[in-house]
Amino acid sequence: MELQVGKSYRVKNDIFSFKAGEVWSLVREGYQIYYGEHNFAFANTEKSCNHIVLRDASKEDMEIYCHLDRYFEEIEE
């Protein structure tokens, strides 16, 4: 699954500081080659921001990155 900027997602399973059932919109995503980091910035309806940084050097992070569908589901608003 690829997360897309501008789309809203419901958290299916707790991940980092995201809790199951919460709805977040992806507002920015990117990749920093130098650090090998996949960065995701989310905002909720209260305009709170939350971030996920997944590092290429971490086996656990790459397991999450390859299976984002286990943690997020796209919703229509």
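Our subject in this report is the structure included herewith. Quantities reported herein were computed from a predicted structural model and do not represent experimental measurements. (Residues numbered from 1 in each chain as written. Predicted model: local features only at pLDDT ≥ 70, side-chain atom pairs only at ≥ 80, totals over all residues. Heavy atoms only, no water.)

What follows concerns helix 1 (residues 59-66). For helix 1, every residue scored as buried is listed here: Asp61, Met62 and Ile64. Angular distribution of buried residues about the axis of helix 1 spans 155°; they occupy a single face of the element. Residues Lys59, Glu60 and Cys66 are exposed on helix 1 and point more than 90 degrees away from its buried face. For helix 1, the secondary structure elements touched by its buried residues are strand 3 (37-43) and strand 4 (49-55). (Buried < 20%, exposed > 50% of the residue type's maximum accessible area, 1.4 Å probe, protein only. Helix = DSSP H or I, 4+ residues; strand = E, 2+ residues; numbered from the N terminus. Arc of directions from axis to C-beta. Contact = heavy atoms within 4.5 Å.)

At Phe16, a position not held by glycine, the phi torsion is positive, near 50°. Along the chain, Phe16 turns up in the loop between strand 1 (8-11) and strand 2 (23-32). Positioned with a positive phi, Lys47 is a non-glycine residue whose angle comes to about 65°.

Applying the stated criterion across every chain, the model contains seven aromatic pairs. Seen in terms of ring centroids, Tyr9 and Phe72 are 6.5 Å apart; in terms of plane orientation they differ by 80°. Their pairing is edge-to-face. Of this pair, Tyr9 sits in strand 1 while Phe72 sits in strand 5 (residues 72-75), and the two are 63 residues apart along the sequence. With respect to class, Tyr9 is no different from Phe72; both count as buried. A centroid spacing of 6.0 Å and a plane angle of 80° characterise the contact between Phe18 and Phe72, whose relative ring orientation is edge-to-face. Taken together, the residues span a long stretch of sequence, with Phe18 in the loop between strand 1 and strand 2 and Phe72 in strand 5 at a distance of 54 residues. Each member of the pair, Phe18 together with Phe72, is buried. Members of the aromatic cluster, connected to one another through ring pairs, are Tyr9, Phe18, Trp24, Phe42 and Phe72. (Phe/Tyr/Trp six-rings, centres within 6.5 Å; stacked < 30°, edge-to-face > 60°.)

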